[in-house]
Amino acid sequence: MTTPASPLSVHGDRHFDGLADKFAASLYGGVRGELRLALLDRLLPEMLDLRGQPLLDVGGGLGQLAAWFAGRGHPVTLAEPSAEMLERAREALLEASVEREVTFLQAPLQALPERAAGPWSLIACHAVLEWLGDPRGALATLAGLLAPGGQLSLMVFNRDALRFSNVVKGNLEKALDDRLEGKGLRRRLTPVSPLTHAQLMAWSEELGLEVRSVAGVRVFHDYLRKPPESDADRQRLFELEWRYCRVEPHWRLGRYLLYTLVRPGASPSSTEESPR
Ligand SMILES: C[S@@+](CC[C@H](N)C(=O)[O-])C[C@H]1O[C@@H](n2cnc3c(N)ncnc32)[C@H](O)[C@@H]1O
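- Per an unreviewed UniProt entry, the recorded name for the chain is tRNA 5-carboxymethoxyuridine methyltransferase, and the organism is Halomonas alimentaria.
- Of the comments in the UniProt record for the chain, the one headed Catalytic activity (unreviewed entry) reads "5-carboxymethoxyuridine(34) in tRNA + S-adenosyl-L-methionine = 5-methoxycarbonylmethoxyuridine(34) in tRNA + S-adenosyl-L-homocysteine".
- Checking UniProt for the chain, the heading Sequence similarities (unreviewed entry) contains the comment "Belongs to the class I-like SAM-binding methyltransferase superfamily. CmoM family."

1. Focus: the packing of helix H3 (residues 64-71) against helix H4 (residues 83-95)
Next up, step 1: The N-to-C vectors of H3 and H4 enclose an angle of 35°; their axes lie 9 Å apart at closest approach. For the crossing formed where H3 meets H4, the hand is right-handed. Counted together, Ala 66, Ala 67 and Ala 70 of H3 and Ala 89, Ala 92 and Leu 93 of H4 form the full contact between these two elements.

2. Description of the site of the ligand
Next up, step 1: Residues in close proximity to the ligand total 22 residues, the closest being Phe 16, Gly 59, Gly 61, Pro 108 and Leu 109.
Next up, step 2: Counted by class, the shell around the ligand contains eleven nonpolar, eight polar and three charged residues.

3. Topic: the nonpolar core
Next up, step 1: Ranked by internal contacts, the top residues of the largest apolar core, which has 65 residues, are Val 58, Ala 66, Ile 123, Cys 125, Leu 142, Val 156 and Leu 258.
Next up, step 2: If you tally residues by element for this core, the top one is strand S5 (residues 146-157), at seven residues.
Next up, step 3: Ignoring sequence-local partners within four residues, the contact set of Cys 125 consists of Val 58, Gly 59, Leu 142, Leu 152 and Leu 154.

4. Examining the confidence of the model for the chain
Next up, step 1: Here the chain shows a mean pLDDT of 91. Residues at 70 or above account for 93%.
Next up, step 2: Segment residues 270-275: pLDDT under 50, and nine contacts once partners within four positions in sequence are set aside and those in other chains are kept.

Rules used throughout
Residues numbered from 1 in each chain as written. Predicted model: local features only at pLDDT ≥ 70, side-chain atom pairs only at ≥ 80, totals over all residues. UniProt positions renumbered as here; feature names shortened; annotations may be inferred. Axes fitted to C-alpha atoms, helices over the stretch in contact; angles between N-to-C directions. Helix = DSSP H or I, 4+ residues; strand = E, 2+ residues; numbered from the N terminus. Left-handed = near helix turned anticlockwise from the far one by under 90°. Contact = placed C-beta atoms within 7 Å. Near = placed C-beta within 6 Å. Nonpolar A, V, L, I, M, F, W, Y, C, P; charged D, E, K, R; others polar. Core = buried A, V, L, I, M, F, W, Y, C linked by C-beta atoms within 7 Å. Buried ≥ 20, exposed ≤ 12 C-beta atoms within 10 Å, placed from the backbone. pLDDT = per-residue confidence, 0-100.

Listed below in structure tokens is the structure:
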């Protein structure tokens, strides 16, 4: 696939056309990807009130999260601007035999108030905000799609963890200059807008969202000097990640921060006609 001259969208976002293979290998290949999915598998049922509600998965990528929710009986609308990623998600969901639970929508987050207005009682937006030119505006859009009492499962790439891993890798000048952001050019997978917990807290408050819970995803793995080699060590690492992912101070340096944000108001399940 050829890379377009400017990979950024009109909004300054990095849609993942041309990146599907690299993304699949770097973010989901190996122990890194296994840990991410295994931790989400345990964290999501604890952090969310799940009752088979319809889910809007924003920037659904290769469809792993959509498959997880669809496999648990949630009808899923997977919105994704990249045609290439959407096609890959379709294939993955077909293979997982859950594609009938999933509606595929080729659209960026910014178009969702028109294309999938809801309101939704459950939205997931994982590892997307850090690829956008205006992540705060995007969070406001997501807040506007939530029903009163609706839950947003938000995962963001942690800027503080990025600094830490740069120092660990010896990129001292870059860390000292605080040049941590990627430019979104070529096939680089350094996010253009990595975010801090402080930003998320401030924006949530401004937007009237309640921060119900937070966890760090991969609080140790990305700083290891050598990857675990045996299955037993991989299992030990997973147990350590699980034990400390919600414990001070470790969660704060998770590669990703996972939040449950709730729009205050009546619980959708208590109303007669459940909004989406
Ligand atoms: C790092 S991937 C995350 C995919 C998936 N949510 C996951 O957790 O594996 C980022 C995704 O966001 C998508 N994306 C980029 N700009 C977007 C936008 N404006 N609206 C929605 N998704 C966007 C990309 O195309 C890509 O599929």
